[in-house]
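Each chain, written out:
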Amino acid sequence: MTDSPHSQQLEFPSQAFINGEFVDAIDGRRFASINPATEALLAEVAQCDEADVELAVSAARAAFEQRVWAGLAPAERKAALLKFADAIEQQRDQLALLECLDMGKPLADALGYDAPATARCVRWNAEAIDKVYDEVAPVGDGALALVTREALGVVAAIVPWNFPSVMAAWKLAPALATGNSVILKPSEKSPLTALYLAKLWQQCELPAGVFNVLPGFGHEVGKALALHPDVDCLTFTGSTATGKQLMVYAGQSNLKRVFSECGGKSPNIVFADADLDKAAASAVGAIFYNQGEVCTAGSRLLVERSVHQALLEKMLAQLDEWQPGDPQSLATRMGAMVDKAQLERVLEYIESGKQQGAKLVCGGEAVQIDGKGYFLQPTIFDGVSPEMQIWQEEIFGPVLSVVCFDTADEAIALANDSVYGLAAGVWSSNVNTAIQCSRLLRAGTVFVNNWDGGDMTMPFGGFKQSGNGRDKSLHALEKYTELKSTWIELT
């Protein structure tokens, strides 16, 4: 397998984007962006650090204070963001290909979801912003009481590598719509689409300093942003451990707001009266889509004992469609793991499952295509116990753990026995069972007779150590504004 001629002709953005210009890191350092399917070098990307953060924060603060963006009427910001969304939509093929090459996801998924969803998110937030009203409080005749929403100022957005452009849009679109300046820090594992978005921002001739992109590593760029006293808000998607550390940094600096969408270990509960064919197909997709590198991956499958074997057989019958393949082939449903380190991490979890006594039903081996790449077979463990590492910890790979239950109470107890609470699923033809279980599950999103349903109108975020705050929906706008109360005495 080699990179296609089309991908070889694609422009790979590699510089940081600060104050409307593409620039090298101040100290000139660069890091390699590697295609995980071929192990080929895609680009040498600017490796920013604290000095570059200072420049970006200064530019973002100046843009905010000068009101070049925040001072625009909501309808004007709407028009600008719609122009940006149009540009993303027009370049969706290039954006999708960059996503495929940079982090290994199937091109079909990047074309079908990631690229259009990025444009859709920007467009939705643009359309929303001039439809959000402030308030007049109910007071007596002697006063006028106003409750207004004002932009926070400088927002730093730190996004993960698994859905780079979509996660960036979930943060920057509502933050920009509400009038903030944004500094986007993409993961060092998949920085290219964030930089491509910066290129489109520049081509749209949108204000300098309002949107900045700093590629680099978390311990340098992420830490500096979190500690910076002139950053007003930190919005983050990534691991729970990193989310906790960012909150510490915020407390050590200016007590900036921190919104974190962190890890997940999502339970998927299948009752005996469910549509087993649909449940099986969905359960397979829930864990193997995007190579299992999904925060809401349905990594814990709870099956009522009487249908356990039947459901497992239906799932195994579908695995030929989920074998890893060339991500650039439109027929591929599961691509490459993002890098060698992530592949090795998941393999360690698989070995742990074996050592702790779980039954390996299928998969569990790393594979290559044409002698290259970081691919992993779809893997299912049965006979898993709740105390096992593969049941309790987020693996972030195509590894499914299966347990049986006998009663709804037992299923709920097993599902909620986790430090995480991002998503959960319930499969049942009994509406009472479905509703009662969905109410008892401690998760920010519950899917009933589906997995991963929803659109931009639905808030997304977690309970417990899966984080706080919500992306998507009008609720996301609340994160990036401060409420101001103004009491006016009338004479």
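Our subject is the structure listed above.
Residues numbered from 1 in each chain as written. Predicted model: local features only at pLDDT ≥ 70, side-chain atom pairs only at ≥ 80, totals over all residues. Heavy atoms only, no water.

**Description of the overall build of the chain**
Thought 1: Of the regular secondary structure elements, the chain holds 16 helices and 23 strands.
Thought 2: The C-alpha radius of gyration of the chain comes to 23 Å, within 12% of the 23 Å expected for a compact globule of 491 residues.
Thought 3: C-alpha extents for the chain along the principal axes are approximately 75 × 60 × 40 Å.
Thought 4: When burial is assessed residue by residue, the chain has 57% of its 491 residues classed as buried.
Thought 5: Taking contacts inside the chain between residues at least 6 apart in sequence as the whole, the part at least 24 apart equals 74%.
Thought 6: Taken as a whole, the chain presents about 19,100 Å² of accessible surface, with 51% of it coming from carbon and sulfur.
Thought 7: Across the chain, the centroid of the 39 positively charged side chains sits 3 Å from that of the 61 negatively charged ones. (Helix = DSSP H or I, 4+ residues; strand = E, 2+ residues; numbered from the N terminus. Rg over C-alpha atoms; globule rule 2.2 N^0.38 Å. Buried < 20%, exposed > 50% of the residue type's maximum accessible area, 1.4 Å probe, protein only. Contact = heavy atoms within 4.5 Å. Areas by Shrake-Rupley, 256 points an atom, 1.4 Å probe, with all protein chains shown as cover. Lys, Arg positive; Asp, Glu negative; His and termini not counted. Charge placed at Lys NZ, Arg CZ, Asp CG, Glu CD.)

**Overview of unusual backbone geometry**
Thought 1: Positive phi, close to 55°, is recorded for Asp370, a residue that is not glycine.
Thought 2: With respect to the helices, strands and loops of the structure, Asp370 is situated in the loop between strand E15 (366-369) and strand E16 (372-376).
Thought 3: A positive phi angle, near 75°, is found at Asp452, a position not held by glycine.
Thought 4: With respect to the helices and strands, the residue Asp452 is situated in the loop between strand E21 (445-448) and strand E22 (463-464).
Thought 5: The exposure class assigned to Asp452 is partly exposed, which follows from its relative accessible area of 45%.

**Some thoughts on the packing of helix H4 (residues 92-103) against helix H7 (residues 192-203)**
Thought 1: Two elements in contact, H4 and H7, have axes whose closest approach is 9 Å; the angle formed by their N-to-C orientations is 155°. In terms of their interaxial angle, H4 and H7 are classed as roughly antiparallel. The handedness of the crossing between H4 and H7 comes out as right-handed. Residues Gln94, Leu95, Leu98, Glu99 and Asp102 of H4 lie in contact with H7, whose contacting residues are Leu192, Thr193, Tyr196 and Leu197.
Thought 2: Class assignment for the residues of the contact of H4 with H7 results in 5 nonpolar, 2 polar and 2 charged. (Axes fitted to C-alpha atoms, helices over the stretch in contact; angles between N-to-C directions. Parallel < 35°, antiparallel > 145°, perpendicular 65-115°, else oblique. Left-handed = near helix turned anticlockwise from the far one by under 90°. Nonpolar A, V, L, I, M, F, W, Y, C, P; charged D, E, K, R; others polar.)

**Focus: the sheet that holds strand E12 (residues 267-270)**
Thought 1: Strand order in the open sheet formed by 7 strands is E14-E17-E18-E13-E12-E20-E21, and the pairing between neighbours is mixed. This sheet does not close on itself; its edge strands, each paired only once, are strand E14 (359-362) and E21. On average, each strand axis in the sheet is inclined to that of its neighbour by 25°, with strand direction left out of account.
Thought 2: Lying over the sheet, helix H14 (residues 408-416) contacts E12, strand E13 (300-304) and strand E18 (399-405), oriented at roughly 150° with respect to E18. (Pairing = 2+ DSSP bridges.)

**Notes on the environment of Val139**
Thought 1: Its location among the elements puts Val139 in the loop between strand E5 (135-136) and strand E6 (143-151).
Thought 2: For Val139, a relative accessible area of 33% corresponds to the partly exposed category.
Thought 3: For Val139, the residues in contact, after removing those within four places along its chain, are Ala145 and Trp487.

**With respect to the pattern of salt bridges**
Thought 1: Under the criterion given, the structure shown has 25 salt bridges.
Thought 2: Across the pair Asp277 and Lys314 runs a salt bridge whose closest N-O atoms are separated by 2.7 Å. Residue Asp277 is located in helix H10 (residues 276-288), and its partner Lys314 is located in helix H11 (residues 308-316); the two are separated by 37 residues in the primary sequence.
Thought 3: Residue classification places Lys314 among the partly exposed positions, given a relative accessible area of 30%.
Thought 4: Between Asp471 and Lys479 there is a salt bridge; the shortest N-O distance is 2.9 Å. For the residue pair Asp471 and Lys479, the accessibility class agrees, reading buried in each case. (Salt bridge = Lys/Arg side-chain N within 4 Å of Asp/Glu carboxyl O.)

**Topic: the sheet that holds E5**
Thought 1: Ordered in space as E5-E6-E23, the 3 strands form an open sheet in which the pairing is antiparallel. Strands with a single pairing partner mark the edges of an open sheet, and in this sheet they are E5 and strand E23 (481-489).
Thought 2: The pairing of E6 with E23 spans 9 bridges and is classified as antiparallel. Residue Leu144 lies in a different strand from E23, and its bridge partner there is Ile488.

**Describing a nonpolar patch on the surface**
Thought 1: Where nonpolar side chains cluster on the molecular surface, the patch consists of Val136, Leu144, Ile488 and Leu490 and spans about 320 Å² of accessible area.
Thought 2: Checked against the element boundaries, Leu144 lands in strand E6.
Thought 3: By relative accessible area, which is 34% here, Leu144 ends up partly exposed. (Patch = residues over 30% accessible without salt bridge, like charges linked within 9 Å, V, L, I, M, F, W, Y side chains within 5 Å.)

**Here we look at the packing of helix H3 (residues 74-90) against helix H6 (residues 164-177)**
Thought 1: At a minimum axis distance of 10 Å, the contact between H3 and H6 shows a crossing angle of 155°. In terms of orientation, H3 lies roughly antiparallel with respect to H6. Judged by residue contacts, Arg77, Leu81 and Phe84 of H3 engage Leu172, Ala173, Leu176 and Ala177 from H6.
Thought 2: Each residue belonging to the contact of H3 with H6 can be placed in one class, and the counts come to 6 nonpolar, no polar and 1 charged.

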